[in-house]
Amino acid sequence: MGSIKRHIKISAVLAALLFLLPVSNAWSQNNTVKSPKLILQVTVDQLRGDMPGSVYDQLGKGGFRYLYEKGIVYENAHHRHANTETVVGHATLATGADPADHGMIGNIWFDKELNRVVYNIEDDRYPMLGEGGGVDKSAELDPTQKLAGTDGRSPAAILSTTFSDELALRTNGKAKVFGVSVKDRGAVTMAGHAGKAFWFSKSKGEFVTSTYYYDAYPQWVSEWNRKKVPLTYAGTNWDLMHDKSKYTYGDFDDMPYETNLPGYGVVFPHPFGKADGKLFTTLLTCSPAGDELCLKFAQELVVREDLGKDDVTDYLSISFSSTDYVGHIFGPSSLESEDNLLHLDKTLSELFAFIDKHVGLKNTLIVLSADHGAAAVPDQLNEFGIDAQYFVPDKLDKEKAIENIKSKYGIAEELISGFNHPYIYLNNEIIRKHKLDVNEVSRAIAEELVKFKGVAYAVPSIDLVEGKIPDTRLYQQILRNFNPKRSGDIYLVLEPHWFVNDFDGLTVASTHGSPWRYDTFVPIIFAGNGLAAKTIFREVQTVDIALTLSKYLKIKAPSGATGSPLTEVLNQ
Ligand SMILES: [Zn+2]
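**Q** Explanation requested: the environment of serine 442 in the structure shown.
**A** Relative to the helices and strands, serine 442 is located in helix H17 (residues 438–449). Taking the C-alpha atoms as reference points, serine 442 and lysine 34, separated by 408 residues in sequence, lie 54 Å from one another. Setting aside residues up to four positions removed in sequence, serine 442 forms contacts with Leu426, Pro460, Ile462 and Ile490. Engagement of the side chain of serine 442 in a polar contact is seen with the backbone oxygen of asparagine 439, the distance being 3.2 Å.

The following block contains the structure:
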């Protein structure tokens, strides 16, 4: 009996071992993926997925070509939320969460406790570090930033951990984690709660941070700022890289819809003007120079902070903002945007060559994506018979259909208290005062709004809460954008190619922010650290990135992360 029992026991152990064998094999196979010394997350602001391909023949070596020819390229990657704005996309890339969970539902939102509109990462507890603080009034061409009541910044409003946070946690703070960008929100989101962020102050012409991150500037930052690198652009121009005849838009430089910034003009060459010019630093950011400055600062950071030098994986995020500013001012299909992409390609090529020298591309896992895509300029679309127009949301409350609802309910006061893209906020105080049901009122208003010219959908938030939405791509995008504390009462979706074109008095050539495919479409490319080239056409989503990085390093996922790990990156 005893021997039979033992036999059964041994068989069971053997069977268990045999059963385990493929698992342990998989472990050892996976373990052959060498942990990178550095994770380099590159984000290009407003890089629609097709844009690098549109200039592919003119690209140099080592930049986009390195990524597209040596990397794992996802050709059908999308953001899966509705509000394709900068902070929303960056926070999604950083956390792998939807805006509903990471909380960055828009560049601005109405804060119900403060009773005012707030800018996503503003935080008056942590003012800008150093002399000359105060509100950064130089935020020309960044009207959302102007709404901030303070120059203080922190990641406190980001409600999920980021991949970079999880890396810091896993290594008990040994991993060095940095985020750099011209835009504050491009740096703060990616650095997470545990990392350090630096961004470019247009009023100071320097890279700055806030007291959330440091009590005093690291010596190397002060030294770099003292070099006054931006001043080297004074009196120079943004010039075309090649002869005009080489460009698709070579004969379309002077277009009526381009924004004519004083002194900068709408045709090449674009002069930056004198160093003391009011718009000097703003103009640098509206040209390839903004990305070049960002690169130079990041290079200094890599050297002085010794990134990628030991066995602990470090993290560096660089978010390049020029493509966004140039796209807004001149349109994403313009001679300026075309040339900017070629300059960006050169900047990327310099970045990768630099990383190869200091860390080694074989030791660096690169991931490149974008915070959102871009819409074409309405005038250009009209030329091709495609309807595209501007929508003016200023006087919605005074529209006849809305006035009719108000008189039905006996309301004389303002009922629609604000439109902070993409949400309509109702005057809840008035609704309460008249003892009305806010849900009934918001449904009644949405029903009228959807009849307005240019409006495709007007979705009351209560329908999301009560699960009364159809299971379509677009409604799901809106649901993933919904955070009950921050979202407004009605989500307004305009028809494709329609957009609001009045940013605090400034009109631009083009913008983004819609749930349509041109705004959700971005590149996702992984390269370096021994990855083999591959092109994938399956649809993947930007929420997959943070989860994939977590699985790659075998660390826990960010707290709000969703999506699916990208197996092509993991099964090498
Ligand atoms: Zn953006």
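Now that the structure is up, let's keep going.
**Q** What's the story with the packing of helix H4 (residues 86–95) against helix H8 (residues 184–191) in this structure? I'm lost.
**A** Describing two packed helices takes the angle between their axes plus the distance from one axis to the other. Where H4 contacts H8, the two axes come as close as 8 Å, and the packing angle between them is 20 degrees. In this view, H4 runs roughly parallel relative to H8, as classed from their interaxial angle. Handedness of the H4/H8 crossing: right-handed. Contacts between H4 and H8 pair Thr86, Val87, His90, Ala91, Leu93 and Ala94 from the former with Arg185, Gly186, Thr189 and Met190 from the latter. Residues that form the contact of H4 with H8 fall into these classes: five nonpolar, four polar and one charged.

**Q** Even after reading the chapter, I still don't get the side chain of glutamate 166, so can you show me in this structure?
**A** Relative to the elements of secondary structure, glutamate 166 occurs in helix H7 (residues 163–170). Dropping the residues within four chain positions of it, glutamate 166 is found in contact with Thr161, Ile555, Lys556, Ala557, Pro558 and Ser559.

**Q** Even after reading the chapter, I still don't get the pairing of strand E10 (residues 314–320), so can you show me in this structure?
**A** Consecutive residues of a regular strand have side chains that alternate between opposite faces of the sheet. Along E10, seven of the seven residues are buried, which leaves the element largely enclosed by surrounding structure. Neither face of E10 is exposed, since Asp314, Leu316, Ile318 and Phe320 on one face and Tyr315, Ser317 and Ser319 on the opposite face are all buried. Here seven bridges tie strand E1 (residues 38–44) to E10, and the two strands are oriented parallel to one another. Across the sheet, isoleucine 39 pairs through a bridge with tyrosine 315, a residue of E10. Both strand E5 (residues 177–181) and E10 contribute to a ladder of five bridges, which runs parallel. Its bridge partner being in E10, serine 181 is matched across the sheet by serine 319.

**Q** Whenever I open this one, the packing of aromatic side chains confuses me. Can you help?
**A** Describing an aromatic ring pair means giving the distance of the ring centres and the angle of the ring planes. Scanning the entire structure with this criterion turns up 25 aromatic pairs. Ring geometry for tyrosine 233 against phenylalanine 272: centres 6.0 Å apart, planes inclined by 90 degrees, an arrangement best described as edge-to-face. You can see tyrosine 233 sitting in the loop between helix H9 (219–226) and strand E8 (237–238) and its partner phenylalanine 272 sitting in the loop between strand E9 (270–271) and helix H10 (280–285), a full 39 residues away along the chain. Each of the two residues, tyrosine 233 as well as phenylalanine 272, counts as buried.

**Q** I'm lost on the coordination of the zinc ion in this one. Help?
**A** Angles at a metal have ideal values that depend on geometry: 109.5 degrees with four tetrahedral donors, 90 or 180 degrees with six octahedral donors. Within the protein, the atoms that donate to the zinc ion are Asp45 (OD), Thr86 (OG1), Asp371 (OD) and His372 (NE2), at distances of 2.0 to 2.2 Å. For the zinc ion, the four donor atoms are set out with angles of 92 to 132 degrees between them, so the coordination reads as tetrahedral. Along the chain, the residues donating to the zinc ion are arranged with the sequence spacing D-x40-T-x284-D-H. On the criterion of sequence distance, the pair formed by aspartate 45 in the loop between E1 and helix H2 (51–54) and aspartate 371 in the loop between strand E11 (364–370) and helix H14 (378–383) is long-range, its members being 326 residues apart. The class for aspartate 45 is buried, based on a relative accessible area of 0%. When its relative accessible area of 0% is taken as the criterion, aspartate 371 is described as buried.

**Q** Looking at this model, I keep getting lost on the sheet that holds strand E14 (residues 423–426). Mind explaining?
**A** Strand pairs in the sheet, formed through backbone hydrogen bonds, run parallel or antiparallel to each other. Taken in spatial order, the four strands line up as E13-E14-E16-E15 in an open sheet, and their pairing is antiparallel. Single-partner strands in this sheet number two, and they are strand E13 (416–420) and strand E15 (455–460). Each neighbouring strand pair of the sheet contributes to a mean axis angle of 25 degrees, computed without reference to strand direction. Relative to E14, E13 runs antiparallel, the two being bridged by four bridges. Note that in E14 the partner of isoleucine 416 across the bridge is leucine 426. Packed on one face of the sheet, H17 meets E13, E14, E15 and strand E16 (490–494) and runs near 175 degrees to E15.

Quick notes on the rules
- Residue numbers restart at each chain and count upward from 1, following the sequence in its written direction.
- Predicted model: local features are reported for residues with pLDDT of at least 70 only, side-chain atom pairs are reported and counted for 80 or more only, and whole-chain, interface and lining totals are derived from all residues.
- The basis for the side-chain values is all heavy atoms of the structure; hydrogens and waters are excluded.
- Strands here mean DSSP runs of E at least two residues long; helices mean DSSP runs of H or I at least four residues long; both are numbered from the N terminus.
- Whether two residues touch is decided by their heavy atoms; if any such pair falls within 4.5 Å, the residues are in contact.
- Polar contacts, as counted here, are pairs of nitrogen or oxygen atoms within 3.5 Å of one another; within protein the pair requires one atom able to donate a hydrogen and one able to accept it, and residues that are adjacent in sequence qualify only if both atoms are side-chain atoms.
- Here an angle of 0 to 180 degrees is reported between the N-to-C directions of two axes, which are lines fitted to C-alpha atoms, with helices fitted over the stretch in contact.
- By definition in this entry, angles of less than 35 degrees are roughly parallel, angles greater than 145 are roughly antiparallel, angles of 65 to 115 are roughly perpendicular, and the rest are oblique.
- Each crossing is labelled by how the near helix is turned from the far one, with a counterclockwise turn of less than a right angle marking it left-handed and a clockwise turn marking it right-handed.
- Amino acid classes used here: Ala, Val, Leu, Ile, Met, Phe, Trp, Tyr, Cys and Pro are nonpolar; Asp, Glu, Lys and Arg are charged; the rest, including Gly, are polar.
- Relative accessibility under 20% of the residue-type maximum defines a buried residue, over 50% an exposed one, and the middle range a partly exposed one, all with a 1.4 Å probe and only protein chains included.
- The pairing criterion for strands is at least two bridges between them, as found by DSSP.
- Here the aromatic set is Phe, Tyr and Trp, taking the six-membered ring for Trp, and pairing holds for ring centres within 6.5 Å; pairs whose planes are under 30 degrees apart are stacked, those over 60 apart are edge-to-face, and all others are tilted.
- Any N, O or S atom lying within 2.8 Å of the metal counts as a donor, with the limit raised to 3.2 Å for Na, K and Ca; because water is left out of the atom set, some sites can appear incomplete.
- When four donors show all angles between 85 and 135 degrees the site is tetrahedral, when four or six donors have opposite pairs over 155 degrees and all other angles between 65 and 115 it is square planar or octahedral respectively, and in every other case it is irregular.

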